[in-house]
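Residues per chain are reported as follows:
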Amino acid sequence: MTTAPSRPALPRDCTFDADDWEILARHWYPVALSSEIGDAPTAVRLLDETLVAYRVGGSVVVAHDICPHRGVPLSLGGGDGSGITCAYHGLRFGAGGRCVRVPAHPESKIPSRLNLRTYPVVERYGLVWTCLRPAPGADPVIPAMAHWDDEGFQRINCPWIDIAAFAGRQVEGFLDVAHFGFVHLDSFGDPDNVEVPDYMPVRHQYGHSVDYWSTVGNYPHGTKEAPPGFRWLRRFDVHLPFTATLVVHFPDGGLLDIMNAASPVSARRTRMFAPIARNFDTDQPVQGVYDFNRTVFEEDRAVVEVQRPENLPLDPRLEVHIPADRSSIAYRRGLRDLGLSHFFTA
Ligand code: FES
Ligand SMILES: [Fe+2]
């Protein structure tokens, strides 16, 4: 008699449908700012999995935040740059999560079963990215940011923002071009300019892109004005399942490149990372960008947290669509094509 190969267990208290979780776990997500992860073990959470991150010799290790000895979170322990130490019996873990010391038996050979369960790590855009179920032998697939590495661009790592909502709803809100004049009244929206000109999503390998031309400006209220009639180009690029980038083309050749990387902490919690690159005001303090970014995302958060149902209905019959929603319709279709169903266990 043959038995099916056993799958690794889902996280405890998993809030996702099991099949959806397996699909989502194949993708890469940011879990922390690079600047947050130092010698000390730091707890982070992704897709309901409890993780610990620390640096050894400058490289980040991401591992399951449970000591293999007696199940104490490693994030309660300490670290010194060459490894971390569990708070309970002092087991020490170094590069690659290997157990390098068992204080109770300093002379004994250390069994490999005491090594931590680790996950692959990439540091990119000032963020620590990981993947819970990488395909064997596959290269990491980190969403692209068009201008991050370009000469003359200032790279800015905004503080993350926590949202009590599903990542898919948040990303869809980022792609939505019909809400600027209703939701973004304290930042850049214009209540007298709410008509949405036609646009067409174009599918690509990782999702879809949109070139959206309109006269809605992107200057913070009370700063500059575009020349009358200027048409702004916003280029959106979706990288399924939960990342989108936006490049805003300013009147004087300025480019603002924003990545909206929604990290699904659980089905109802999202940590929003937003690396930004720009080729203007590059000598200006970044605090102004942090503040404007927070104002915009807080305006969106107020809406996203109250949408019902909390998940993103992928069946097109469950919500009503208008022509302005072409990008959101393409996004939902892309998620469906990944094989996702309804995301939540309840
Ligand atoms: S529980 Fe971690 S060392 Fe014992
Ligand atoms: Fe918005």
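Residues numbered from 1 in each chain as written. Chains lettered and ligands numbered in written order. Predicted model: local features only at pLDDT ≥ 70, side-chain atom pairs only at ≥ 80, totals over all residues. Heavy atoms only, no water.

Draft legend 1. Highlighting the domain arrangement of the protein chain. According to the domain assignment, the protein chain consists of domain 1 (28-130) and domain 2 (154-344). For domain 1 versus domain 2, the separation of C-alpha centres amounts to 34 Å. On the side of domain 2, 15 residues touch domain 1, which itself brings 14 residues to the contact. Counting the surface lost from both domain 1 and domain 2, the interface buries some 1100 Å², and carbon and sulfur atoms represent 65% of this. Three residues stand out in domain 1 for area buried against domain 2, namely Tyr 29, Pro 30 and Leu 33, and they jointly supply 36% of the buried area on that side. Across the contact surface, domain 1 and domain 2 share zero salt bridges. Inspection of the region where domain 1 meets domain 2 yields six residue pairs in polar contact (both at pLDDT 80 or more). Here the side of domain 1 that touches domain 2 is composed, by residue class, of 10 nonpolar, one polar and three charged. (Domains from an automatic or database assignment. Contact = heavy atoms within 4.5 Å. Buried area = accessible area lost by both parts, 1.4 Å probe. Salt bridge = Lys/Arg side-chain N within 4 Å of Asp/Glu carboxyl O. Polar contact = N/O pair within 3.5 Å; in protein donor to acceptor, adjacent residues only side chain to side chain. Nonpolar A, V, L, I, M, F, W, Y, C, P; charged D, E, K, R; others polar.)

Draft legend 2. Structural detail: unusual backbone geometry. Residue Pro 241 follows Leu 240 across a cis peptide bond; omega there is 0°. Summarising the element assignment, Pro 241 is placed in the loop between β16 (232-239) and β17 (243-249). Pro 309 follows Arg 308 through a cis peptide bond whose omega is 0°. Mapped onto the fold, Pro 309 is located in the loop between α4 (287-304) and α5 (326-337). Phi at Asp 48 is positive, roughly 75°, even though this residue is not glycine. One can find Asp 48 in the loop between β2 (42-46) and β3 (49-56). Its identity as a non-glycine residue notwithstanding, Tyr 125 has a phi of 55°, on the positive side. With respect to the helices and strands, Tyr 125 occurs in the loop between β10 (121-124) and β11 (127-130). (Helix = DSSP H or I, 4+ residues; strand = E, 2+ residues; numbered from the N terminus.)

Draft legend 3. Broad picture of the nonpolar core. Counting residues in each nonpolar core, the largest one holds 65 residues, and the members touching the most others are Phe 16, Leu 47, Phe 242, Tyr 331 and Phe 343. Here this core spans two domains, since at least three of its residues come from each of domain 1 (28-130) and domain 2 (154-344). Ignoring sequence-local partners within four residues, the contact set of Phe 343 consists of Thr 15, Phe 16, Asp 17, Asp 20, Leu 24, Phe 166, Asn 311, Leu 312, Leu 314 and Leu 335. Judged by nonpolar contacts, the second largest core, of 17 residues, contains Trp 28, Tyr 125, Trp 148 and Met 259. (Core = buried A, V, L, I, M, F, W, Y, C linked by side-chain atoms within 4.5 Å. Buried < 20%, exposed > 50% of the residue type's maximum accessible area, 1.4 Å probe, protein only.)

Draft legend 4. Spotlight on the sheet that holds β3. Taken in spatial order, the four strands make up an open sheet running β2-β3-β4-β9, and their pairing is antiparallel. A strand with exactly one partner marks an edge of an open sheet, and here the two such strands are β2 and β9 (118-119). Sheet topology note: the β3/strand β4 (residues 59-64) ladder contains six bridges and is antiparallel. Paired with Val 56 across the two strands is Ser 59, which belongs to β4. (Pairing = 2+ DSSP bridges.)

Draft legend 5. Geometry of the packing of aromatic side chains. Taken as a whole and judged by the stated rule, the model has 14 aromatic pairs. Their ring planes at 80° and their centres at 5.3 Å tell us that Tyr 219 and Trp 232 sit as a pair that is edge-to-face. A residue pair is termed long-range when its members are at least 10 positions apart, and Tyr 219 in the loop between β15 (207-214) and β16 and Trp 232 in strand β16 qualify at 13 residues. Tyr 219 gets classed as buried once you look at its relative accessible area, which sits at 13%. By relative accessible area, Trp 232 is classed as buried at 1%. Aromatic ring contacts, followed pair by pair, group Tyr 29, Phe 166, Phe 242, Phe 343 and Phe 344 into a single cluster. The cationic tip of Arg 271 hangs over the ring face of Trp 160; the distance from NZ or CZ to the ring centre is 3.4 Å. Above the plane of the ring of Phe 280 lies Arg 278, whose end atom (NZ or CZ) is 5.8 Å from the centre. (Phe/Tyr/Trp six-rings, centres within 6.5 Å; stacked < 30°, edge-to-face > 60°. Lys NZ or Arg CZ within 6 Å of the ring centre and 35° of its normal.)

Draft legend 6. Quick peek at the packing of helix α2 (residues 167-175) against α5. Remark: α2 packs on α5, axes separated minimally by 9 Å, with the N-to-C direction vectors making an angle of 145°. Crossing of α2 against α5: the hand is right-handed. Contacts between α2 and α5 involve Gly 168, Arg 169, Val 171, Glu 172 and Leu 175 from the former and Ser 327, Ser 328, Tyr 331 and Arg 332 from the latter. Residues of the contact of α2 with α5, tallied by class, amount to three nonpolar, three polar and three charged. (Axes fitted to C-alpha atoms, helices over the stretch in contact; angles between N-to-C directions. Left-handed = near helix turned anticlockwise from the far one by under 90°.)

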